[in-house]
Amino acid sequence: MSERLIIRGGTPLEGRIKVPGAKNSALPLLAATLLTDEPVTLKNVPPLKDVGTMLSMIQQLGKRIEKPAPMTVRVTGGIETNRAPEELVRKMRASFLVLSPLLGRVGEAEVPLPGGCNIGTRPVDLHLNGLSRLGTEISQTDGRIIARANNLQGNEIFLDYPSVGTTEQLLMAAVRADGETDIYNGAQEPEVRDLVDFLVELGADVEVDGSILTVRGSEELHGGEYEVLPDRIAAGTYMIAIAATGGHATVGEVRPSIMKQLTLKMRKSGITVNEGPDSLEVISGRRPKNLEIRTLPYPGFPTDLQAPVSALLTIAEGKSVVKETVFDSRFGHVAELRKMGADISVPNSSTLFINGTDGLRGAKVEATDIRAGASLVIAGLAASGTTEVVGLGHIDRGYSRLVENFQDLSAQLEKKI
Ligand code: EPZ
């Protein structure tokens, strides 16, 4: 019998919690450790299943991993193979980011094509087109990409879409290319900026001007130490849960400046959000008001908070509209929220119409991806009665200490086999 989360809803969340480093920064940073054979120490690394998968990946490529302290990872050693193992890439799409570091260091790399997942097809055409612009020969055999480049050549690259992973992939290639690379229409997510700052820490020459990233390649990068930026998506998830339960609580170790999208939307919904230097206090009080949400690349509203905020809007006053513009099928939470009494219609594949009801009721629901799972936990915390959530493996990929954090905020929930 798989693990289940049993949530007894209706308790307003109160207290204070702290979120660790960002999953979506730690993953590319760990891939980037392949760019040097000198020791690299990363701090504030979140203890997540996906991080474990990436650690296994770089270990299988030759790296040695030590954990000298909680949430600290020390990576040493060199690259012993340039063939990424199939099962790890299939398990986690972000593993595809090892392609460029291997290519830049060894001149050839073989990485399986990442599968789609429950939020869309998620091709890697932009990654491969960009690498071709840098002089890479790309071939494909039985689901594996083989990339060859004796010398990567700097070039100008325009991204048809400001893809986060593509920008990260091309940054890690360009730092080893001869000459200058200019990436136009690059992603501006804070996690991409974290990778830039990390690469500079390792000795790379990278400048960022909005959506233009300029890299001057260099032969070798040295080791260094870096602290992963706080997880704005985990923090936002907890903030939404506090609001959904009518609670009053504070989420710590965040950068309020990179969370304005959610903060200002919550204030528009009538929820008080007080900004501290590195924390956000949420005081919900009354029933939230309806909102219009459109997900966009940063600095737009983050797609990773679309499912969590949709859960909040199911109990808001009035009719809300949610448009998902980043992924082509990221509504796995809708059918499950409907089981809890949510009134949601899906007029087309990218839009939700949510008629707020005055309360959800507990039900048995299933998580289909990381953020859909978080959405169901939020709904269960806000609902009357008991909610049982299965598919917790998805949630554990993206949220560390989720149950403990909510228990620290007085929620009534527990994991059961
Ligand atoms: C990163 O995924 C994040 N993952 C995602 O978080 C996040 O939702 C996404 O960025 C957008 O912010 C990590 O950082 C590990 P994209 P990524 O390339 O890089 C299309 C979570 O829940 N596209 O910006 O894969 C793609 O299909 C995860 O933590 C192409 O068409 O996102 C999507 O529709 C989910 N061709 C859109 O671009 C390509 O070559 C945005 O994808 C690449 C992407």
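Reading guide: rules and limits
- Residues numbered from 1 in each chain as written.
- Predicted model: local features only at pLDDT ≥ 70, side-chain atom pairs only at ≥ 80, totals over all residues.
- Heavy atoms only, no water.
- Helix = DSSP H or I, 4+ residues; strand = E, 2+ residues; numbered from the N terminus.
- Rg over C-alpha atoms; globule rule 2.2 N^0.38 Å.
- Buried < 20%, exposed > 50% of the residue type's maximum accessible area, 1.4 Å probe, protein only.
- Contact = heavy atoms within 4.5 Å.
- Areas by Shrake-Rupley, 256 points an atom, 1.4 Å probe, with all protein chains shown as cover.
- Lys, Arg positive; Asp, Glu negative; His and termini not counted.
- Charge placed at Lys NZ, Arg CZ, Asp CG, Glu CD.
- Near = heavy atom within 4 Å.
- Polar contact = N/O pair within 3.5 Å; in protein donor to acceptor, adjacent residues only side chain to side chain.
- Domains from an automatic or database assignment.
- Pairing = 2+ DSSP bridges.
- Axes fitted to C-alpha atoms, helices over the stretch in contact; angles between N-to-C directions.
- Salt bridge = Lys/Arg side-chain N within 4 Å of Asp/Glu carboxyl O.
- Core = buried A, V, L, I, M, F, W, Y, C linked by side-chain atoms within 4.5 Å.
- Right-handed = clockwise from strand over helix to strand, strands pointing away.
- Buried area = accessible area lost by both parts, 1.4 Å probe.

Examining the overall build of the protein chain
Okay, so step 1: Within the protein chain one finds 14 helices and 23 strands.
Okay, so step 2: Taken over the C-alpha trace, the protein chain has a radius of gyration of 21 Å; the compact-globule value for 417 residues is 22 Å, and the two agree within 12%.
Okay, so step 3: The principal-axis extents of the C-alpha atoms in the protein chain amount to approximately 65 × 45 × 45 Å.
Okay, so step 4: For the protein chain, buried positions account for 57% of its 417 residues.
Okay, so step 5: Within the protein chain, contacts between residues at least 6 apart in sequence are counted, and of these 72% link residues at least 24 apart.
Okay, so step 6: Looking at the protein chain as shown, the accessible area adds up to about 15,600 Å², and 47% of this sits on carbon and sulfur atoms.
Okay, so step 7: Considering the protein chain, the positive charge centre built from 45 side chains and the negative charge centre built from 52 side chains are found 7 Å apart.

Thoughts on the site of the ligand
Okay, so step 1: What surrounds the ligand is a group of 23 residues, the closest being Asp-125, Ser-163, Asp-304, Val-326 and Arg-371.
Okay, so step 2: Contact distances for the ligand include 3.0 Å between an oxygen atom and a side-chain N or O atom of Arg-93.
Okay, so step 3: With the chains in place, 87% of the 830 Å² that the ligand exposes on its own is no longer accessible.
Okay, so step 4: Of all the secondary structure elements, the ones that give two or more residues to the shell around the ligand are helix H1 (23-32), helix H5 (125-133) and helix H6 (164-174).
Okay, so step 5: For the shell around the ligand, the two domains that each supply at least three residues are domain 1 (4-19 + 230-416) and domain 2 (23-227).

Topic: the sheet that holds strand S7 (residues 137-141)
Picture the strands of a sheet paired through backbone hydrogen bonds; they go either parallel or antiparallel.
Okay, so step 1: Spatially, S6-S8-S7 is the arrangement adopted by the 3 strands of the open sheet, whose pairing is antiparallel. Edge positions in the open sheet fall to strand S6 (108-112) and S7, since each of these has one partner strand only. Between one strand axis and the next, the sheet turns through 20° on average, direction left out of account.
Okay, so step 2: The pairing of S6 with strand S8 (residues 144-148) spans 5 bridges and is antiparallel. Along S8, the bridge assignment pairs Pro-112 with Arg-144.
Okay, so step 3: Taken strand by strand, helix H4 (residues 99-106) contacts S6 and S8, and its axis lies near 160° from that of S6.

So, the pattern of salt bridges
Okay, so step 1: Counted under the stated rule, the structure contains 25 salt bridges.
Okay, so step 2: In this structure, Arg-144 engages Glu-86 in a salt bridge whose closest nitrogen and oxygen atoms are separated by 3.4 Å. On the criterion of sequence distance, the pair formed by Arg-144 in strand S8 and Glu-86 in helix H3 (residues 86-91) is long-range, its members being 58 residues apart.
Okay, so step 3: Among the residues examined, Arg-144 registers a relative accessible area of 8% and is labelled buried.
Okay, so step 4: Residue classification places Glu-86 among the partly exposed positions, given a relative accessible area of 32%.
Okay, so step 5: When salt bridges that share partners are traced, they join Arg-83, Glu-86, Arg-90, Glu-110 and Arg-144 into one network.

Focus on the sheet that holds strand S22 (residues 386-390)
Okay, so step 1: Strand order across the open sheet formed by 4 strands is S21-S22-S1-S23, with mixed pairing between neighbours. For this open sheet the edge positions go to strand S21 (364-366) and strand S23 (412-416), each flanked by a neighbour on one side alone. Taking each pair of neighbouring strands and ignoring which way they run, the sheet shows an average axis angle of 20°.
Okay, so step 2: When S21 meets S22, the two strands line up parallel, connected through 3 bridges. Across the sheet, Lys-364 pairs through a bridge with Glu-388, a residue of S22.
Okay, so step 3: Set on the sheet, helix H12 (residues 370-382) makes contact with strand S1 (4-8), S21 and S22; between it and S1 the angle comes to about 30°.

Quick look at the nonpolar core
Okay, so step 1: Membership of the largest hydrophobic core comes to 70 residues, with the highest contact counts inside it found for Leu-5, Met-239, Val-251 and Phe-406.
Okay, so step 2: Residues contacting Val-251, with those up to four places away along its chain left out, are Ile-17, Val-19, Ala-235, Tyr-238, Met-239, Ile-242, Asp-278, Ser-279 and Leu-280.
Okay, so step 3: Ranked by size, the runner-up nonpolar core spans 64 residues in total, among them Val-73, Leu-102, Leu-152 and Leu-170.

With respect to H4
Okay, so step 1: Of all 8 residues in H4, 6 are buried; the element is thus mostly enclosed.
Okay, so step 2: Among the residues of H4, those classed as buried are Leu-99, Ser-100, Pro-101, Leu-102, Leu-103 and Gly-104.
Okay, so step 3: Next to the buried residues of H4 lie H1, S6, H5, S8 and H6.
Okay, so step 4: Downstream of H4 by a residue or two, Gly-107 has a phi angle that is positive, lying close to 90°.

Details of the pairing of strand S18 (residues 319-323)
Within a regular beta strand, the side chains point alternately toward one face of the sheet and then the other, so they alternate between its two faces.
Okay, so step 1: One ladder, built from 3 bridges, connects strand S17 (residues 292-294) with S18; its direction is parallel. Note that in S18 the partner of Arg-294 across the bridge is Lys-323.
Okay, so step 2: Crossover handedness for the path S17 to helix H10 (residues 306-313) to S18: right-handed.
Okay, so step 3: In this structure, S18 lies alongside strand S20 (residues 351-355), joined through 5 bridges in antiparallel fashion. Bridging from a neighbouring strand, Val-322 pairs with Leu-352 of S20.

Some remarks on the environment of Gly-356
Okay, so step 1: Topologically, Gly-356 is positioned in the loop between S20 and S21.
Okay, so step 2: For Gly-356, a relative accessible area of 25% gives the class partly exposed.
Okay, so step 3: In the structure, Gly-356 is positioned 14 residues away from Ala-342 in sequence and 7.5 Å away in space, judged by C-alpha atoms.
Okay, so step 4: With near-sequence residues (within four places) excluded, Gly-356 lies in contact with Arg-287, Leu-313, Thr-314, Ala-316 and Gly-318.

Quick word on the domain arrangement of the protein chain
Okay, so step 1: Structurally, the protein chain comprises domain 1 (4-19 + 230-416) and domain 2 (23-227).
Okay, so step 2: Taking the mean C-alpha position of each, domain 1 and domain 2 sit 30 Å from one another.
Okay, so step 3: Every contact between the two is made by 24 residues of domain 1 and, on the other side, 20 residues of domain 2.
Okay, so step 4: Summed over both partners, the interface of domain 1 with domain 2 comes to about 1,900 Å²; 48% of that surface belongs to carbon and sulfur atoms.

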